[in-house]
Structures are given as structure tokens and as C-alpha cells.
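# Chain and residue survey
Okay, here's what each chain looks like letter by letter:
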Amino acid sequence: MKSTWLPSSLLLLLLLPPLLLAVSRASPRGSGDKPNFVLMMVDDLGIGDLGCYGNTTLRTPNIDRLAQEGVKLTHHIAAASLCTPSRAAFLTGRYPIRSGIAGSGLLGVYIFNAASGGLPSREVTFAKLAKQQGYETALIGKWHLGLNCESSDDHCHHPGVHGFSYFFGIPLTNLRDCQPGHGTAFQIHKYLPYTTLGLVLVTAALLHCSGIIAVGRQLTLSLLALLAVATGLTAGFIATVPYFNCVLMRDHRVVEQPFTSENLTQRMTHEAVDFMERNSAKPFLLFFSFVQVHTAMFASAAFRGTSRHGIYGDAVHEVDWSVGQIMQTLDRLKLGENTLVYLTSDQGAHVEEVSARGEVHRGWNGKYKAGKSTNWEGGIRVPGILRWLGHIPGGRQVDEPTSNMDLFPTVARLSGASVPEDREIDGHDLMGLLRGTVQRSSHEFLFHYCNTYLNAVRWHPQNSSSVWKAFYFTPNFYPLNEAACAHTHVCFCTSDYVTHHDPPLLFDLSRDPSETTPRTPDTEPAFHAILATMEAAAEAHRRSVKPAESQMSVGKVMWKPWLQPCCSTLGQLCQCQQDK
């Protein structure tokens, strides 16, 4: 038989397509492609709750591993100390006052799904920019930036308007009303003045029996009837609150009302894994916004009783498990070297948090003072962990001031988008700090708001290791010996609840991170010069803030029945279980 011989060049041409196909199947997208983004935000997690930030009593091995393989930011600041404004700043890279996500009253967050305020559609989010660059985008979890404007289904503030192609989660936040036995008619005594009404009736009866005043039986019966009607109406409203605020959505459809919180983190983790698997062959951006560890506390059966810190610690353990599932999925899909992973908290732990039964459900902010709803370090110093295998050196720590607003320009530039030039962007690209090619933070000044009020200024002078912080006012704590506002559950910003300081309170965070001892002209020779520089920066910043319609005004945060999302008729109390 005559043998067949092929030239080596022809043989190579025949073998090349199968070889290239095999390589493409075995390898992830090349390192030159646009990276994926997995951005995780835990709700109300204290910086001291994680092992990589010094906790020795809670187990967070998956988050600790993330820090070991990436960069840990130790001076990472949330742009606000409450959920709604902090998340607006994170998504847009702008102080929340610039987008109107700041009010002048007591409320600093949305407490109703049927409010008309929300993140304006004119705002540009990193999800919107990434989507324009061809990314698949998803938000899994908590939104808390509004839903409707004029009707129950116009969804003018929906995540889909802001660049998220897929949404599975809750449009508001996790509230105590969303758990059985909390905020129901059994708590009716908290909402009606039964003591006062009872004293009135008893006094009237005594006066009538003594003959001092003739109180007719008809009047007494009328008072009792009025009390019964008020009780019924109030109890009915409170009992239906879970159907109003406890809403789970898939894209634009309500699929569970009220939602069951117990297994919610597991369900959301499954959704996140599924999204990454579906889109592993193309660039994607996933914002996993945890519902835990915000009140009301919950944990699935597998995690209940696993910590030394009650249900709060159990919830932290479940969050760490979920992070582990996300990381395992990236490893399994061979996407670790092509995915920038970020983990943070929207603000510090809520130190006033006590359950309706009186159980303490608070996190730990480590050495930092106070917590959520304040601009003391405990309220805004948050975890900041970033990993990008092969692109960011692992095991590094960055002590320079950074902000959660920095993710906006970082994502924009890595995705191939341009940072908008038609508006003020307050965040700065992090990649130089993360890679170690830049040693100094671009944030010389950071400004800390309490609602619309400029509360404090942070200054990191060039060519200096000092970080100065000046407070114009501070919250009035109660009890006085604790850094908390237990009498109001959160600290407020209005004049009745704060103390103004002239001159401002000045701290050197590089020497006093716990903010225990303010500097004075006697202890700091440059006291007046430092404050003058910070005030000049604050004035320049104020001039840069253009007026924006407040999305947190009374009219924007109040409950409006015609805006109420509902998966069935109101006659059925908006109940459904369509997503099991």
C-alpha cells in the first residue's frame, strides 16, 4: 500500500482549528478582555465583625480568604451613614446631596414601598455605563432607592431604569414588620394611648359615682365605642403593613408578598450563582446586595445557633457562607483571573439595635466610636476588600482614605466606559492604590453629611500621614455613657437632637482613631490653621453642589396608596406566593 504523506505546514493548518477550539473551551476569557465585576454589599455589617479586621469570636473564613488573596482597605469610608443615601453614592460616585437623596427632616431613608421619591433617572450609575459597554447586569437583593412615581406600576425608580437588566430582590429594605410576631396588632399598645384613655374613663366613672359631675351613660359608651373603632382601624393597618412593605420582586413583577425572610439569603445566593453561570462566556456585572444583617434579624435553619453572638452572629455566618458560594462559582467557571470582586458594608453596625422582645441584635464596629446614622468613625468606617487575581497583588493592606464612591470611576474605566464629564464625580479610580503604583489617595478632603447638613470634614494633607477630622455638630447620645441614641433608635440630624460646636471639634485620626480626645489650641499648635484650611475646602465644596429636587421631602417619603405595589387585589390584602 502506498503511504500518504502531508507537508508539516498543511498538517498544522488542519490541526489548528480543533486545537484553538479546545483551548477556548478549557480557558476563561483572556486577561485582555473586559473584567467581570462582582460587587457585594452587606447591610449594617460592622467593620469589627470580620476576622480579617480583627474579630476572634465570629467565623468568616471565606471573607478572610478574599482579603488574603486581594487588598484590604483599612480607611474605607461610606459616603453616608444610612442605607438610602449610602447606596445612591455607591452607585453614582457622587455625594447623595447632589442627586437629592438627602432630606432636611428626621427621615433619611425610605420606610414605605409606596413613597414617590427615589434615585432620579437622570443619574448615571456604574451599571448603566457597564450595560452600554455590552455587559450583562444584575442586582440581586436589596435596592432601597425608590420604586414608583405616579402609579403602582410605572417603576420610574426601578433598578431596571438604572442599568440593571435583571433584578431579583426587595425594593425597600428588611423591616421588623416582615417577620411573624413583630409590628402586628399584638404590638397595638405602642401605637394607641391606652394609658391616657383608661385614666380618662376611670376618672369619669369616679366623678359620676361620687356625684360631683353627672357623666351620662351615653357619653361613656361613646368613648368606649370610639376606642374600639380606633383599636380596630389601627390594628388592621398594622397587621397589613407586611403586605405593603415586605415585597419580593423578579424584574418588574411582584412574586412574593409578604416575603419569607428565613431562606432569603440562600435563594438570592442561588440566583447570583445562576446569573454567573448563564453569563460566564461574556462580561457581566453582578451587584449582590445582602438583606442581612439588617433588622429584623434572621438566619436559615443551617446557621441558627452557630455563633456565640445570637441571631446577629448567625446571620454573619450565613453571609460568609454566601460569599464562599460566590467565590467557589468563580473558581469553578475559571473566572477568578477575569473578575474584580469587591465586598463592603453600606455603613457601620447599628449599635442601638434591640429586637421587639428586648434582645440585643447589634454588630461591632471595633475600636471606632458609635455606629449607623452617625458620622463618627463607627458609622462610616466600613470593610473594603478587593480581589482580582493576577492583576492586584494579594495579601496587601492599604491605609489611605478611600470611599465607596470610588467604585464608580473604577468600574467605569475598567469596563471601557468614560467617566461622565457633565456632572461632579466625587469618587476616584482605585486601581493605582490597589496595584501599588500610587502611594497616596486622591481624596485630600472627604465631606460627611447628615441628611442635607454638612456634619464633618476629613483632611489628609499632602506629604503628611495625619488625617484630620472636624465636626460642626455631633448627635446627643442617650444614655450619656454610651455612644448611642437609644431613646430614638437612631441618631437624628435636626437641631433638637444635636450639639453644635464653635470652633468645630477637631480630631487627629492618625493618632486617635477612636475619636476620644479632641485637639485644642493648647494641644495642637496649628489648631486654627488646620480648621481654616478645612473650612476653606468645605466652602469650595458647598459652591460645587448644585440645587437638586429633594427626593427625601415629606411629600416624597410619605405612604401613597395609589403607588402601592401589589400582586393581587387590595381586597385580598396583596398576598401571593408565586415564586416558590
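Look above for the structure.
Let me sum up the structure you'll find in this document.

The rules behind each value
Residues numbered from 1 in each chain as written. Predicted model: local features only at pLDDT ≥ 70, side-chain atom pairs only at ≥ 80, totals over all residues. Heavy atoms only, no water. Helix = DSSP H or I, 4+ residues; strand = E, 2+ residues; numbered from the N terminus. Buried < 20%, exposed > 50% of the residue type's maximum accessible area, 1.4 Å probe, protein only. Salt bridge = Lys/Arg side-chain N within 4 Å of Asp/Glu carboxyl O. Phe/Tyr/Trp six-rings, centres within 6.5 Å; stacked < 30°, edge-to-face > 60°. Lys NZ or Arg CZ within 6 Å of the ring centre and 35° of its normal. Polar contact = N/O pair within 3.5 Å; in protein donor to acceptor, adjacent residues only side chain to side chain. Disulfide = S-S within 2.5 Å. Axes fitted to C-alpha atoms, helices over the stretch in contact; angles between N-to-C directions. Parallel < 35°, antiparallel > 145°, perpendicular 65-115°, else oblique. Contact = heavy atoms within 4.5 Å. Nonpolar A, V, L, I, M, F, W, Y, C, P; charged D, E, K, R; others polar. Left-handed = near helix turned anticlockwise from the far one by under 90°. Pairing = 2+ DSSP bridges.

### Quick look at the overall build of the protein
- The secondary structure content of the protein amounts to 13 helices and 17 strands.
- Burial statistics for the protein: of 580 residues in total, 56% are counted as buried.

### Here's the deal with the pattern of salt bridges
- For the structure on display, the rule yields 28 salt bridges.
- One salt bridge in this structure joins Arg65 and Asp331, with 3.0 Å as the shortest N-O distance. Separated by 266 residues along the polypeptide, Arg65 in helix α2 (residues 61-69) and Asp331 in helix α8 (residues 310-332) bring together distant segments of the chain.
- Residues Glu271 and Arg250 are paired through a salt bridge, measuring 2.8 Å at the closest nitrogen-oxygen approach. Placement of the pair is Glu271 in helix α7 (residues 264-278) and Arg250 in strand β6 (residues 248-250), with a sequence separation of 21 residues.
- Look at Arg250 and you get partly exposed, because its relative accessible area is 22%.

### A few points about the packing of aromatic side chains
- If you walk through the whole model with that rule in mind, you get 19 aromatic pairs.
- The interplanar angle of 15° and the centroid separation of 6.4 Å between the aromatic rings of Phe445 and Phe447 together place this pair among those described as stacked. The burial state of Phe445 is the same as that of Phe447; both residues are buried.
- Among the aromatic residues, those joined into a ring-pair cluster are Phe90, Phe126, Trp143, Phe164, Phe287 and Tyr342.
- The ring of Tyr53 carries the charged tip of Lys72 above its face, separated from the ring centre by 5.2 Å.
- The lysine or arginine in question, Arg542, covers the ring of Tyr472, its NZ or CZ lying 6.0 Å from the ring centre.

### Structural notes on the environment of Asp512
- Relative to the assigned elements, Asp512 resides in the loop between β16 (498-508) and α12 (527-544).
- Along the sequence, Asp512 and Val467 sit 45 residues apart, while their C-alpha atoms lie 9.7 Å from each other.
- At 2.9 Å, the side chain of Asp512 forms a polar contact with the backbone nitrogen of Thr517.

### Some remarks on the state of the cysteines
- What the rule picks out here adds up to six disulfides.
- Here Cys178 pairs with Cys246 through a disulfide, and the sulfurs are 2.0 Å apart. Measuring the twist about the S-S bond at about -90°, one finds the Cys178-Cys246 disulfide to be left-handed. One end of the pair, Cys178, is in the loop between β5 (166-170) and α5 (194-210); the other, Cys246, is in the loop between α6 (217-245) and β6, and 68 residues separate them in sequence. The pair Cys178 / Cys246 is uniform in exposure class, with both members buried.
- Through a disulfide, Cys566 is tied to Cys574; the S-S separation comes to 2.0 Å. A torsion of -110° about the S-S bond marks the disulfide between Cys566 and Cys574 as left-handed.
- Take Cys566: its relative accessible area is 26%, and that puts it in the partly exposed class.
- Indicated for the protein is the disulfide connectivity 1-2, 3-4, 5-8, 6-7, 9-11, 10-12, based on numbering the bonded cysteines in sequence order.

### Section: the packing of α2 against α8
- Two elements in contact, α2 and α8, have axes whose closest approach is 7 Å; the angle formed by their N-to-C orientations is 50°. Regarding the angle of α2 to α8, the classification is oblique. Residues Pro61, Asn62, Ile63, Arg65 and Leu66 of α2 lie in contact with α8, whose contacting residues are Asp320, Trp321, Val323, Gly324, Met327 and Asp331.
- Tallied by class, the residues present in the contact of α2 with α8 amount to six nonpolar, two polar and three charged.

### Regarding the packing of α7 against α8
- As a packed pair, α7 and α8 sit with axes 10 Å apart at the nearest point and diverge in direction by 15°. It follows from the interaxial angle that α7 and α8 lie roughly parallel. Crossing angle aside, the handedness with which α7 passes α8 is right-handed. From α7, Thr265, Gln266, Thr269, Ala272, Val273, Met276 and Glu277 reach across to α8, where they touch Glu318, Trp321, Ser322, Gln325, Ile326, Thr329, Leu330 and Arg332.
- Here the residues of the contact of α7 with α8 sort into six nonpolar, six polar and three charged.

### Some thoughts on the side chain of Thr269
- Relative to the helices and strands, Thr269 resides in helix α7.
- Here the side chain of Thr269 touches Thr265 through a polar contact of 2.7 Å, landing on its backbone oxygen.
- Other than its neighbours up to four places away in sequence, Thr269 contacts Phe288, Trp321, Ser322 and Gln325.

### Thoughts on the pairing of strand β8 (residues 284-289)
- Summarising burial for β8: six of the six residues are buried, a large majority.
- Side chains Phe284, Leu286 and Phe288 project from β8 onto one buried face, and the interleaved Leu285, Phe287 and Ser289 project onto a second face that is buried too.
- As paired strands, strand β1 (residues 36-42) and β8 are joined by five bridges and run parallel to one another. Of the residues in β8, the one forming a bridge with Phe37 is Leu285.
- Here strand β4 (residues 136-142) runs beside β8; their pairing, made up of six bridges, is parallel. Bridge pairing in β8 links Leu139 to Phe287.

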